[in-house]
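Residues per chain are reported as follows:
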Amino acid sequence: MSHGSEPIADAAPGAGAEQITEEITGFLTDALRRPIGPDDDYFELGLVDSLFALELVTYVEQRFALTVEVEDLDLDSFRTAHRLTEFVRRKTGADAGRRTHVGDH
Amino acid sequence: MSATTETAGARLVAAAAGFAAASRDAAADWDREGRVPDGVRRDLAATGLLAADLPPAYGGAGLTPAEVGEAAAHLGGVCSALRGLLTVQSMVAAALARWGTRGQRAHWLPALAEGTLTAGFAATEEGAGSALGEVETTVDETAGGAALTVTGRKKWITFGQDADVLLVLGRTGGKPAAVLVETDRPGVTREPVRGQLGMRAAGIAHLTLDAVRVPADHRIAPPGAGLSHVAATALDHGRFTVAWGCVGMAEACVADAAAHAATRVQGGVPLGGHQAVGALLARIAVDAAAARELAARAARFRAGGQGRGVTETIVAKYAAADAAARAGRDAVQILGAAGCASDSRVGRHYRDAKIMEIIEGAQQVSELHIAAHVMRRFGAGA
């Protein structure tokens, strides 16, 4: 597997957007078994099955060491690799200091 | 994991074993009467077993996936309806724990953990079975956004006859939406289902929601995430406890078939001494053992953290439902007429196991997902 399950330690907050986007498109290309560009809307293109949305959440949480809360469930954030990159940078940057985990509070 | 939590886990698994043992003889009556008695339901809920993997902060016991699995296997090995009660409560609890707001979690989860509130999962409709994206129930914003009005008809809801609150899958503005609906609200009617093939004691009901109004804070996650996130989380948890319930069922069938094969003498030899009967017994014993190991593997993956082990759980549910269905079929075969009697335990497991091949993802839907996963893993290098 080209994409490990360990979080990228240096993904936040300084990691480059390009590196994150590359990571994400790599995951998507593997998961959906076809090349996925940074702006491809894989939901709109009908490329995903019923379990993919959850799988994507789990991937993003593990790979970038963050927690997707219900408040983050603006599905537009999850539609393309570029948007996911923005989401990851938002979560791992400004929000990193008050990150919490589901069930911890 | 603290020592206290481990102790709570062991205590609750033992409680499940005890509850199962005490229900062993009565389960056939419940199946015939089409009802788990209210007192038994309440007693099981009061053990805290129904949502025992919730964190202690919400009144749960923080059980590990393996402990939840063992509890489900104990109940499932005796009565699929009791296991079904655990399954639906823990499905709704899992979805709320994952996707409820802090306020929603604080409001709903302690009562689900204590068992003072029992939950149902209302997704299936006449036109939406495996394809839950096609639900037609509407969840409309009313009263200037302060309330939601829920209208639709839900079918085959486990313990829908009794649930205090339903996690309903519908649509808001065309987008999948999940909403909690208390069953004592005006507009909720329940139609008990009787005489179905299996799960006869599981309080199954068809439910009609006729313009039922609930406060806006009853919606779980934003519209759009109701199926892909909320219902999907519930169904993932459901597959896990169903898998373990099937392990219990398969093992119970092996035990009854073996006991019969060892003691029933025909043609001067015990049944098990006939090669063909021995072969049946051997195969179901291996199937049951394999199902247990796959369920344990799913538990290990799930112990790795939130969202892990989804595919491994599908594999386990697929294998365990198959093992239970075949163990039920072959146990009836080995018991012969005794297996066909109205109070036959293996006969009941046989009927219930067939249902397990259909619910929480039919076998064929599981196969599609497992195949896609295997191709993803090995197809890239081709």
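Remember, predicted model here, so these are calculated numbers, not experimental data.

1. Re the UniProt feature "domain: Acyl-CoA dehydrogenase/oxidase N-terminal" (unreviewed entry) in chain B
Moving on, step 1. According to UniProt, the "domain: Acyl-CoA dehydrogenase/oxidase N-terminal" (unreviewed entry) feature falls on residues 13-115 of chain B.
Moving on, step 2. In residues 13-115 of chain B, helix accounts for 71% and strand for 0%; the two terminal C-alpha atoms are 16 Å from one another.

2. So, the environment of T87 of chain B
Residue and element names in this part refer to chain B.
Moving on, step 1. Along the chain, T87 falls in helix α5 (residues 80-99).
Moving on, step 2. Between the C-alpha atoms of T87 and G100, which are 13 residues apart in sequence, the distance is 19 Å.
Moving on, step 3. Setting aside anything within four residues of it in sequence, one finds T87 in contact with G238, T241, V242 and E360.

3. Digging into the interface of chain B and chain A
Moving on, step 1. Listed by partner, the interface residues are 28 residues for chain B and 21 residues for chain A.
Moving on, step 2. Across the interface of chain B and chain A, roughly 2300 Å² is buried in total on both sides, 59% from carbon and sulfur atoms.
Moving on, step 3. Three residues stand out in chain B for area buried against chain A, namely R98, W99 and R376 of chain B, and they jointly supply 26% of the buried area on that side.
Moving on, step 4. At the boundary of chain B and chain A, one finds two salt bridges.
Moving on, step 5. Linking E55 of chain A and R376 of chain B is a salt bridge whose minimum nitrogen-to-oxygen distance equals 2.5 Å.
Moving on, step 6. At the junction of chain B with chain A, the criterion picks out six residue pairs in polar contact (both at pLDDT 80 or more).
Moving on, step 7. Broken down by secondary-structure element, the contributors of at least two residues to the side of chain B that touches chain A are α5, α6 (102-114), α7 (226-263), α9 (310-335) and α12 (363-379) of chain B.
Moving on, step 8. It is α7 of chain B that provides the largest number of residues to the side of chain B that touches chain A, a total of five residues.
Moving on, step 9. When the residues that make up the side of chain B that touches chain A are grouped by side-chain class, the tally is 13 nonpolar, nine polar and six charged.

4. Digging into helix α2 (residues 52-63) of chain A
Moving on, step 1. Spanning twelve residues, α2 of chain A covers 16 Å between terminal C-alpha atoms, matching the ideal 16 Å at 1.5 Å per step.
Moving on, step 2. The buried count for α2 of chain A comes to eleven of twelve residues, which makes it a mostly enclosed element.
Moving on, step 3. All of the buried residues in α2 of chain A are F52, A53, L54, L56, V57, T58, Y59, V60, E61, Q62 and R63 of chain A.
Moving on, step 4. Against the buried residues of α2 of chain A lie α1 (17-32) and α3 (81-92) of chain A together with α5 and α7 of chain B.
Moving on, step 5. One or two positions beyond α2 of chain A, positive phi appears at A65 of chain A, with a value near 50°.

5. Considerations on the domain arrangement of chain B
Residue and element names in this part refer to chain B.
Moving on, step 1. As far as domains go, chain B holds domain 1 (3-118), domain 2 (121-221) and domain 3 (227-379).
Moving on, step 2. Here domain 1 and domain 3 have C-alpha centroids that lie 21 Å from each other.
Moving on, step 3. In this complex, domain 1 contributes 27 residues to the contact, which on the side of domain 3 involves 29 residues.
Moving on, step 4. For the pair domain 1 and domain 3, the summed buried surface comes to about 2200 Å²; carbon and sulfur atoms form 60% of the total.

6. Some thoughts on the packing of aromatic side chains
Residues and elements named next belong to chain A.
Moving on, step 1. As enumerated under the stated definition, the model contains seven aromatic pairs over all chains in all.
Moving on, step 2. Between the aromatic rings of F27 and F52, the centroid separation amounts to 6.4 Å while the plane-to-plane angle is 20°, which identifies the pairing as stacked. One end of the pair, F27, is in helix α1; the other, F52, is in helix α2, with 25 residues separating them in the sequence.
Moving on, step 3. We classify F27 as buried; its relative accessible area is 10%.
Moving on, step 4. Accessibility expressed as a relative area gives 2% for F52, which makes it buried.
Moving on, step 5. Ring centres of Y42 and F52 lie 6.0 Å apart, and the angle between their planes is 80°; on these two criteria the pair is classed as edge-to-face. Of this pair, Y42 sits in the loop between α1 and α2 while F52 sits in helix α2; the two residues are ten residues apart in sequence, bridging distant segments of the chain.
Moving on, step 6. Assessed through its relative accessible area of 0%, Y42 is described here as buried.

The rules behind each value
- Residues numbered from 1 in each chain as written.
- Chains lettered and ligands numbered in written order.
- Predicted model: local features only at pLDDT ≥ 70, side-chain atom pairs only at ≥ 80, totals over all residues.
- Heavy atoms only, no water.
- UniProt positions renumbered as here; feature names shortened; annotations may be inferred.
- Helix = DSSP H or I, 4+ residues; strand = E, 2+ residues; numbered from the N terminus.
- Contact = heavy atoms within 4.5 Å.
- Buried area = accessible area lost by both parts, 1.4 Å probe.
- Salt bridge = Lys/Arg side-chain N within 4 Å of Asp/Glu carboxyl O.
- Polar contact = N/O pair within 3.5 Å; in protein donor to acceptor, adjacent residues only side chain to side chain.
- Nonpolar A, V, L, I, M, F, W, Y, C, P; charged D, E, K, R; others polar.
- Expected span 1.5 Å × (residues − 1).
- Buried < 20%, exposed > 50% of the residue type's maximum accessible area, 1.4 Å probe, protein only.
- Domains from an automatic or database assignment.
- Phe/Tyr/Trp six-rings, centres within 6.5 Å; stacked < 30°, edge-to-face > 60°.

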